[in-house]
Amino acid sequence: MVNIIKTNKKFSAGDVLMAEGDHGQSAYIIESGEVEILVNRGNNKLRIGTRGPGALVGEMAMLDDRPRTATVRAKEDCEVIEITRDDFEGWINGADPIFKMIMHVILTRYRDMLSRSFFSSNSKSAAENVEKENELHESAMKTIKMKEELKAALGKDLVLFYQPIIDIKNRKVAGFEALMRWIHPEKGMVSPGVFIPVAEQSGLIVEMSNWALEEAAKTSHKFNDVIAPNLKGAHPLYISVNFSVRDFSSLGFFDNVKAILDKTSTPVDNIHLEITESLLVEQPDVAREALAQCHDNGLSISIDDFGTGYSSLSYLHSFPINTLKIDQSFIRSMRDKPGNLSLVKSIVGLAENLNMTVIAEGIEDQEEASILNDMNCQKCQGYWFAKPMPENEAIEFLKNWTVPDY
Ligand code: C2E
Ligand code: CA
Ligand code: CA
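These numbers come from a predicted model, not from an experiment. (Residues numbered from 1 in each chain as written. Chains lettered and ligands numbered in written order. Predicted model: local features only at pLDDT ≥ 70, side-chain atom pairs only at ≥ 80, totals over all residues. Heavy atoms only, no water.)

On a plain count of helices and strands, the protein comes out with 12 helices and 17 strands. Across the 406 residues that make up the protein, the buried fraction comes to 45%. Total accessible area computed for the protein in this model is approximately 20,200 Å², and 51% of it derives from carbon and sulfur atoms. (Helix = DSSP H or I, 4+ residues; strand = E, 2+ residues; numbered from the N terminus. Buried < 20%, exposed > 50% of the residue type's maximum accessible area, 1.4 Å probe, protein only. Areas by Shrake-Rupley, 256 points an atom, 1.4 Å probe, with all protein chains shown as cover.)

Here we take up the coordination of the calcium ion (ligand 2). Taken together, the protein ligands of the calcium ion (ligand 2) are Glu177 (OE), Asn242 (OD1), Glu274 (OE) and Asp304 (OD), with distances of 2.0 to 2.3 Å. For the calcium ion (ligand 2), all donor residues lie on one chain, and their spacing in sequence is E-x64-N-x31-E-x29-D. Separating the calcium ion (ligand 2) from the calcium ion (ligand 3) is a gap of 4.1 Å, which Asp304 spans by donating to each of them. Of this pair, Glu177 sits in strand β10 (residues 172–184) while Asn242 is found in strand β12 (residues 233–242), placing the two residues 65 residues apart along the sequence. (Donors = N, O, S within 2.8 Å, 3.2 Å for Na, K, Ca; no water.)

This brings us to the pairing of strand β4 (residues 35–41). Across the 7 residues of β4, 5 count as buried, placing the element largely inside the fold. Both β4 and strand β5 (residues 44–51) contribute to a ladder of 7 bridges, which runs antiparallel. Directly across from Leu38, in β5, lies its bridge partner Arg47. Hairpin connection, β4 to β5: the antiparallel pair is bridged by 2 residues, and Gly42 has positive phi, about 60°. Here β4 pairs with strand β7 (residues 71–74) via 4 bridges, running antiparallel. (Pairing = 2+ DSSP bridges.)

The protein atoms that coordinate the calcium ion (ligand 3) are Asp304 (OD), Asp305 (OD), Glu361 (OE) and Glu361 (OE), at distances spanning 2.2 to 2.8 Å. Counting the intervening residues between successive donors of the calcium ion (ligand 3) yields the motif D-D-x55-E. Exposure remark for Asp305: the relative accessible area of 27% places this residue in the partly exposed category.

Further remarks concern the site of ligand 1. In the vicinity of ligand 1 lie 21 residues, with Arg181, Asp304, Gln328, Glu364 and Tyr383 positioned nearest. The separation between an oxygen atom of ligand 1 and a polar side-chain atom of Asp304 is 2.9 Å. Contacts to ligand 1 include Gln328, whose side-chain N or O atom sits 2.8 Å from an oxygen atom. About the coverage of ligand 1: the protein hides 82% of its 790 Å² of free accessible area. Contributions of two or more residues to the shell around ligand 1 are made by β10, α4 (192–202), β14 (300–306) and α9 (328–333). Residue contributions to the shell around ligand 1 peak at 4 residues, all from β10. Split into classes, the residues belonging to the shell around ligand 1 amount to 8 nonpolar, 6 polar and 7 charged. (Near = heavy atom within 4 Å. Polar contact = N/O pair within 3.5 Å; in protein donor to acceptor, adjacent residues only side chain to side chain. Nonpolar A, V, L, I, M, F, W, Y, C, P; charged D, E, K, R; others polar.)

Where helix α5 (residues 205–227) contacts helix α6 (residues 253–263), the axes come no closer than 9 Å and their chain directions differ by 35°. Like other packed secondary-structure pairs, α5 and α6 cross with a definite hand, here right-handed. Contact residues: α5 offers Asn210, Leu213, Glu214 and Ala217, while α6 offers Asn256, Val257, Ile260, Leu261 and Lys263. Looking at the contact of α5 with α6 residue by residue, the classes come out as 5 nonpolar, 2 polar and 2 charged. (Axes fitted to C-alpha atoms, helices over the stretch in contact; angles between N-to-C directions. Left-handed = near helix turned anticlockwise from the far one by under 90°. Contact = heavy atoms within 4.5 Å.)

This next bit is on the pattern of salt bridges. This model, assessed by the stated rule, comprises 19 salt bridges. Note that Asp157 is salt-bridged to Lys156, the shortest N-O span being 3.4 Å. On the accessibility criterion, Asp157 (17% relative accessible area) is buried. The exposure class of Lys156 is exposed, given its relative accessible area of 58%. One network of salt bridges, with partners in common, ties together Glu177, Glu274, Lys325 and Glu361. (Salt bridge = Lys/Arg side-chain N within 4 Å of Asp/Glu carboxyl O.)

On to the sheet that holds strand β2 (residues 16–18), then. Reading across the sheet, the 4 strands line up as β2-β7-β4-β5 and stay open at both edges, with antiparallel pairing between neighbours. Only two strands of the sheet have a single partner each, and these edge strands are β2 and β5. The sheet shows a mean angle of 35° between the axes of neighbouring strands, taken without regard to direction. Pairing analysis gives 2 bridges linking β2 to β7, with the strands arranged antiparallel. Paired with Val16 across the two strands is Arg73, which belongs to β7.

Before going further, it helps to examine the packing of aromatic side chains. Aromatic ring pairs are described here by two measures, namely the spacing of the ring centres and the angle between the planes. One pass over the full model with this rule turns up 9 aromatic pairs. Arranged with centres 5.8 Å apart and planes meeting at 85°, the rings of Trp182 and Phe195 form a pair that is edge-to-face. One end of the pair, Trp182, is in strand β10; the other, Phe195, is in helix α4, and 13 residues separate them in sequence. Ring geometry for Phe397 versus Trp401: centroids 5.6 Å apart, planes at 40°, classification tilted. The buried category is assigned to Phe397, whose relative accessible area is 16%. One aromatic cluster is present, formed by Tyr162, Phe176 and Phe223 through successive ring pairs. Just above the ring of Phe319 sits the side chain of Arg288; from NZ or CZ to the centre is 4.5 Å. Sitting over the ring of Tyr383, Lys387 keeps its end group 4.7 Å from the ring centre. (Phe/Tyr/Trp six-rings, centres within 6.5 Å; stacked < 30°, edge-to-face > 60°. Lys NZ or Arg CZ within 6 Å of the ring centre and 35° of its normal.)

Dropping the structure here:
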């Protein structure tokens, strides 16, 4: 591999490293000192940011010969490493072919992204373009930081909360959905809406799902052993665990699930798998095989957020699905929008025809529970029954379960 040629350069306070409009040949990594990023606004220069040690500036020059979009000026005495386009190209050309191919794809996409978001819109000023670039940089940094923090949190600051799923026909607690919470040492409780996408993007979700499954499996014993005898819940009580598309990208999804259930001596009836429609659409072949194996071995499969996805009903019956979970957005609006009420009714009917169970999510008041009961929807989940809660509270909930009036 060709070594990157590193040339150290010194700049004094006020020196210009690169000027807006110039055709540059180099990028700079700041080793010490601070630089400011300036853009021309009329006759003035507007400062839109500063960069310190470790930052990379002017990297577009390594990709193409377009004019610089900003001026970079030393705020104080600085030392930088200069990387020329020749250095960069030599480095890429001499690299391992796989690395070369990956870099090529990434750079092409980066160039496309920049030209789409920065250059295609003439109405955007250079200042806006660079601000956008700063935002992207910041958000990338946040994601990287969160990923590192999440990795450290696994097995320490991640917990599962449990939200009951009520069988509104026989008025028992049918099971619980396991929902992840991150108890961040400084930020407090972080919503899965924030950290699950980062986990999915970084691939950390696979490890997190395994952890969640193992935790839920252990808890399912506690729920069943302690609770089932007083018949406040169905027997066996199940815990529904959420899985992402990413969890299916490695081979042996079922083997992995089975290994965790064996390790925790958990019967398959104690666990349901919750997946979204996007898995069936994005990876139908992988999903079909993995889900068939799960189903053949007695695991129940639920489709989460049903109705929000790709709504092609044709594929549904070709997968071994046991339960449809109607997305809460339809429940929320079914009283105001007759179309959504009809849709909920249709999903309940569809589930019945396909011999599937149906769960309505997001029940927030008695009237919603009553409408769903009248529709013959079998199961409901929502804040009106209980919010997601820690394991010990869920056990208390089960012990004290009294049927609400609906
Ligand atoms: P989801 O799987 O659709 O989970 C249901 C979400 O709705 C939960 O939000 C729950 O707290 C909330 N919810 C339940 N009842 C009500 C209600 O009556 N009203 C309202 N407004 N909300 C209600 P949460 O816990 O914030 O989770 C958000 C999403 O994060 C989940 O949506 C799921 O997609 C994801 N997620 C959570 N835990 C996991 C996990 O362990 N693995 C994976 N892959 N995803 C997870
Ligand atoms: Ca879910
Ligand atoms: Ca859902």
